[in-house]
Amino acid sequence: MFPKLSLRSMFHGAGGGNDIQWCFSQVKGAVDDDVAEADIISTVEFNHSGELLATGDKGGRVVIFQQEQENKIQSHSRGEYNVYSTFQSHEPEFDYLKSLEIEEKINKIRWLPQKNAAQFLLSTNDKTIKLWKISERDKRPEGYNLKEEDGRYRDPTTVTTLRVPVFRPMDLMVEASPRRIFANAHTYHINSISINSDYETYLSADDLRINLWHLEITDRSFNIVDIKPANMEELTEVITAAEFHPNSCNTFVYSSSKGTIRLCDMRASALCDRHSKLFEEPEDPSNRSFFSEIISSISDVKFSHSGRYMMTRDYLSVKIWDLNMENRPVETYQVHEYLRSKLCSLYENDCIFDKFECCWNGSDSVVMTGSYNNFFRMFDRNTKRDITLEASRENNKPRTVLKPRKVCASGKRKKDEISVDSLDFNKKILHTAWHPKENIIAVATTNNLYIFQDKVN
Amino acid sequence: MECALDAQSLISISLRKIHSSRTQRGGIKLHKNLLVSYVLRNARQLYLSERYAELYRRQQQQQQQQPPHHQHQHLAYAAPGMPASAADFGPLQLGGGGDAEAREPAARHQLHQLHQLHLQQQLHQHQHPAPRGCAAAAAAGAPAGGAGALSELPGCAALQPPHGAPHRGQPLEPLQPGPAPLPLPLPPPAPAALCPRDPRSPVACSAPSAPPGAAPPAAAASPPASPAPASSPGFYRGAYPTPSDFGLHCSSQTTVLDLDTHVVTTVENGYLHQDCCASAHCPCCGQGAPGPGLASAAGCKRKYYPGQEEEEDDEEDAGELGAEPPGGAPFAPCKRARFEDFCPDSSPDASNISNLISIFGSGFSGLVSRQPDSSEQPPPLNGQLCAKQALASLGAWTRAIVAF
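Along every chain, residues carry numbers that run from 1 in the direction the sequence is written. Chain A is the first chain written and ligand 1 is the first ligand written, with later ones labelled in order. For this predicted model, a pLDDT threshold of at least 70 governs which residues receive local features, and a threshold of 80 or more governs which side-chain atom pairs are given and counted, while totals over whole chains, interfaces and linings are taken from all residues. As a convention, hydrogens and water are excluded, and side-chain values are obtained from all of the structure's heavy atoms.

**Quick look at the overall build of chain B**
Then step 1. Only DSSP runs of H or I with at least four residues qualify as helices, and only runs of E with at least two residues qualify as strands; both kinds are numbered from the N terminus onward. Looking only at helices and strands, chain B features 16 helices and three strands.
Then step 2. We call a residue buried when its accessible area falls under 20% of the maximum for its residue type, exposed when it is over 50%, and partly exposed in between, using a 1.4 Å probe and counting protein chains only. Scored against the burial criterion, the 404 residues of chain B give a buried share of 64%.
Then step 3. Taking as baseline every contact in chain B between residues at least 6 positions apart, the subset at least 24 positions apart corresponds to 80%.
Then step 4. Per-residue and other accessible areas follow the Shrake-Rupley method at a 1.4 Å probe size, with only the shown protein chains counted as cover for residues. By element, 59% of the accessible surface of chain B is carried by carbon and sulfur atoms, the whole surface being about 13200 Å². Contacts were defined at the residue level, with two residues in contact if any of their heavy atoms lie within 4.5 Å.

**Quick notes on the overall build of chain A**
Then step 1. A count of helices and strands for chain A gives three helices and 32 strands.
Then step 2. Across the 457 residues of chain A, 51% fall into the buried class.
Then step 3. Considering only contacts in chain A between residues 6 or more positions apart, those separated by 24 or more positions represent 55%.

**Digging into the sheet that holds strand β3 (residues 52-57) of chain A**
Residues and elements named next belong to chain A.
Then step 1. Here, any two strands with at least 2 DSSP bridges between them count as paired. The four strands are arranged β2-β3-β4-β5 in an open sheet whose pairing can be described as antiparallel. Each having just a single partner strand, β2 (41-46) and β5 (81-88) make up the two edges of the open sheet. Between one strand axis and the next, the sheet turns through 20 degrees on average, direction left out of account. To get an axis, a line is fitted to the C-alpha atoms, and for a helix only the part in contact is used. The angle between two axes follows their N-to-C directions and goes from 0 to 180 degrees.

**Description of unusual backbone geometry**
All names here are of chain A.
Then step 1. A positive phi is found at Tyr199, a non-glycine position, where the angle reads about 60 degrees.
Then step 2. One non-glycine residue with positive phi stands out, namely Asp350, at about 70 degrees.
Then step 3. Under the relative-accessibility criterion, Asp350 is labelled partly exposed at 27%.

**Observations regarding the side chain of A:Ser123**
Residues and elements named next belong to chain A.
Then step 1. Tracing the chain through its elements places Ser123 in strand β9 (residues 119-124).
Then step 2. Given a relative accessible area of 0%, Ser123 falls into the buried group.
Then step 3. Contacts described as polar in this section are N or O atom pairs within 3.5 Å, which, within protein, must combine one atom able to donate a hydrogen with one able to accept it, while residues neighboring in sequence count only if both atoms come from side chains. At 3.4 Å, the side chain of Ser123 forms a polar contact with the side chain of Trp132.
Then step 4. Setting aside residues up to four positions removed in sequence, Ser123 forms contacts with Ser89, His90, Ile106, Lys108, Ile109, Thr128, Ile129, Lys130 and Trp132.

**Regarding the packing of helix α1 (residues 7-21) of chain B against helix α2 (residues 30-65) of chain B**
Between two packed helices, both the angle of their axes relative to each other and the distance between the axes serve to describe the pair.
All names here are of chain B.
Then step 1. Closest axis-to-axis distance for the α1/α2 pair is 9 Å, and the angle between their directions is 155 degrees. It follows from the interaxial angle that α1 and α2 lie roughly antiparallel. Where α1 crosses over α2, the two elements pack in a sense that is left-handed. When α1 is examined against α2, the residues Ala7, Gln8, Leu10, Ile11, Ser14, Leu15, Lys17, Ile18 and Ser21 are found in contact with a partner set consisting of Asn33, Val36, Val39, Leu40, Ala43, Arg44, Leu46 and Tyr47.
Then step 2. Gly is put with the polar residues, along with every residue not named as nonpolar or charged; the nonpolar set is Ala, Val, Leu, Ile, Met, Phe, Trp, Tyr, Cys and Pro, and the charged set is Asp, Glu, Lys and Arg. Looking at the contact of α1 with α2 residue by residue, the classes come out as 11 nonpolar, four polar and two charged. Note that the term roughly parallel is reserved for angles under 35 degrees, roughly antiparallel for angles over 145, roughly perpendicular for angles of 65 to 115, and oblique for everything else. Note on convention: near helix rotated counterclockwise from far helix by under a right angle means a left-handed crossing. Clockwise means right-handed.

**Let's talk about the nonpolar core**
Then step 1. Among the buried residues, those of types Ala, Val, Leu, Ile, Met, Phe, Trp, Tyr and Cys that are joined through side-chain atoms within 4.5 Å form a nonpolar core. Formed by 40 residues in total, the largest nonpolar core has its most connected members in A:Phe291, A:Tyr315, A:Leu339, A:Tyr347 and A:Ile352.
Then step 2. Ranked by residue count, the leading element in this core is α2(B), at nine residues.
Then step 3. If sequence neighbours within four positions are ignored, A:Tyr315 has contacts with A:Ile295, A:Ser297, A:His336, A:Leu339, A:Leu343, A:Leu346, A:Cys351, A:Ile352, A:Asp354, A:Phe356 and A:Tyr372.
Then step 4. In terms of nonpolar packing, the next biggest core, distinct from the first, is built from 18 residues, A:Cys359, A:Met378, A:Trp434 and A:Val443 among them.

**Thoughts on α1(B)**
Residues and elements named next belong to chain B.
Then step 1. For a helix, the expected span equals 1.5 Å multiplied by the number of residues minus one. The terminal C-alpha atoms of α1, which comprises 15 residues, lie 21 Å apart, in line with the 21 Å expected from a rise of 1.5 Å per residue.
Then step 2. With 11 of its 15 residues buried, α1 lies for the most part within the structure.
Then step 3. Residues Ala7, Leu10, Ile11, Ser12, Ile13, Ser14, Leu15, Lys17, Ile18, His19 and Ser21 constitute the buried set of α1.

**Notes on the packing of aromatic side chains**
Residue and element names in this part refer to chain A.
Then step 1. Two rings belonging to Phe, Tyr or Trp (six-membered ring only in the last case) form a pair when the distance between their centres is within 6.5 Å. Interplanar angles under 30 degrees mark stacking, angles over 60 mark edge-to-face geometry, and anything in between is tilted. Applying the stated criterion across every chain yields a total of 21 aromatic pairs over all chains.
Then step 2. A ring pair is formed by Phe24 and Tyr450, whose centres lie 6.4 Å apart and whose planes are at 75 degrees; its orientation type is edge-to-face. A residue pair is termed long-range when its members are at least 10 positions apart, and Phe24 in strand β1 (residues 22-28) and Tyr450 in strand β32 (residues 449-454) qualify at 426 residues.
Then step 3. For Phe24, a relative accessible area of 4% gives the class buried.

**Brief notes about the confidence of the model for chain B**
Residue and element names in this part refer to chain B.
Then step 1. Along the chain, pLDDT gives the predictor's confidence residue by residue, from 0 to 100. In the predicted model, chain B carries a mean pLDDT of 47, and 15% of its residues have values of at least 70.
Then step 2. Per-element mean pLDDT across chain B ranges from 33 in helix α15 (residues 348-355) up to 91 in α1.
Then step 3. Counting contacts from residues 71-107, a segment whose pLDDT is below 50, to residues more than four positions away or on other chains yields 107 contacts.
Then step 4. With pLDDT under 50 throughout, residues 124-260 is counted as low confidence; its partners more than four residues away or in other chains account for 383 contacts.
Then step 5. Two numbers describe this predicted complex: its pTM, 0.64, and its ipTM, 0.90.

**As for the sheet that holds strand β16 (residues 239-244) of chain A**
Residues and elements named next belong to chain A.
Then step 1. The antiparallel open sheet is built from four strands, whose spatial order is β16-β17-β18-β19. Edge positions in the sheet fall to β16 and β19 (277-279), since each has one partner strand and no second. Sheet twist, expressed as the average angle between the axes of neighbouring strands with direction ignored, equals 20 degrees.
Then step 2. As paired elements, β16 and strand β17 (residues 251-256) share five bridges and run antiparallel to each other. Each residue of the ladder has a partner; that of Ala242, found in β17, is Tyr254.

What follows is the structure, encoded as structure tokens:
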């Protein structure tokens, strides 16, 4: 009488991060423990359909994975992601004027929505943004009249008939070519790029300024935010992240190292130094320490897909803000509160400066962020439950369900719990991405990319 | 503030981070350095507030032991090094964060503390043979003594004469702002007061000079005081073997760390010496102090090796930066101008040093206070700011310079 609901659809309906059982799907990257610095993954991003997954690394390379078309017959798993294209996006540069080396590390990748057969993405390092076109070639012309197949010209005396070349199929070739290079607009290190919902403009943000570009125009950009003080000695905060609103093309936000988020409306003035809204939560004085300023610095800001909320990540927590309420977040999730008593040693080993990112799932019901020891955390906003999972090669049988992990802050350590002191702070998950439509997640450890999906019936 | 490290270690770690950020690939990361500067500020605030609490306690003990007139002499004696009024001193040194209570004490109280600080330094100098120059000068000028501080040194040292005068016997008088670019001739008492600081010739120096009352009691008073604790600021300089043939006692002496060449230079700014000697015979003048003072910017140099880094780091200054309230008068011109004024015949090292640009300059105002009450303070003038910086770095820390 009652329709038989599959487990999968039930879970999807609930949208619960915990009701989902996450399974290992794939891992990409070298196995050996000796990590070459150039292989360190620095950004991960799904495209708008989720079919493509791009990663950038410290060596300036971009690797794009493509999902296989789902095999309708074998519905027990979704398509795997395989390498689609690899290219060198940025090279190390040297600024001779300032005697500065410019790192080739890819800080951010952002996909443009697909308009034709080709795919476009923006990739940026500290100083330069590039628009890349990734196109497929699966046909080539054959049968030239005057040329041999290998390109040599035929002896004209042997040409007796007219032959018109035709396109014939060939092995798929994916080419990436830089279509635009947006350079020389940033004095400080670029930390964010964000494409506007008008799909014509985008912003790029460095420590002190935000510039607005048109995708077609490379020789100029508009400065829309400038927080550089007249006297650099008075500097108290820097911009740490910026993003356009997903629906309103006039609205963007930027976060600061002081833990504040400013929402700006470009209709208000050409230079948006005065915010329309300021989101700030008063500091809890009982938690004051030497490092209060560091841990309150926001490392990432992301709008929800709906545009109603935004999420910020600081060192110890994830906060969800309602755009209509500026004085405090509507939800706060502690990522690894057990680190609060370890801030001193985290300062010594520089881990306190790690910039964790965060992401929403497609329905905005679950948020995810990374932690140490290759742990990553998910918080279900509806059920208020959270889960800690580990990205490790130990569970590398496909469809192995991941076991939830638990960190024991103090006191007696239960079985299967991990004590804070045995966490490996060199294994950090800074970059995570969630498929826009499915429950597929990409989690980047230092030099490996893990893909997990929910268990399918 | 639960932390496994004390404020000093935090300060040295922070400075090391700033230093190493200069050589990291990709250039200096503004964000990270800004955050480190906040830690520096916090650690410095805690350290200073602890120091003053301790000194106050000690002073209370001493006051019970000594006759009252010595107290007055102490104040007069130490006055040259303490130009700031409480209003200037408090928020800067102890301001921001949760140190509101520390701001409350009266000016006299704070001056007593500072005075005690100087006495401690002097005591320490007795214990450590390396002459450290006038304690007042050392105290005030020493903080200027980092590489970056070399640019501040003249500024801070420049305060000595003009502010020494008005404060003679009037320790509570607010800082006299005036630009005072050149050392004013001090009234006779001052040099005499300064001379006895030389641990090697306290008595001889005071003899020929007027107010004899000032010097001997001060000198005499020092020994009976409790021994300088190991944590006194003077100890930071203990690792620097200043050549004893330098008659540095009457000059302000600062130690500068050049982060490019890793050369530690003890720079002697001799105008105080000049003033000291200008008034009367000061035996210390004849002790091989280089030149008539002004020209001797050269100091002893000691090559700084990585192995000594641990030691060195303890002495690196937290301080410094950011003595300027936001929107305040430009501070940099003060420093640079004075440097030129006072060290015209700079040592060969000065060119290295002058090439170094302090990343913090007068610092991020974040270092001063999170919500600086600039409206409460009088518009800061250059001299005033220099004083603040000097006091901000009380403790004779050397300072690290970072080129941007």
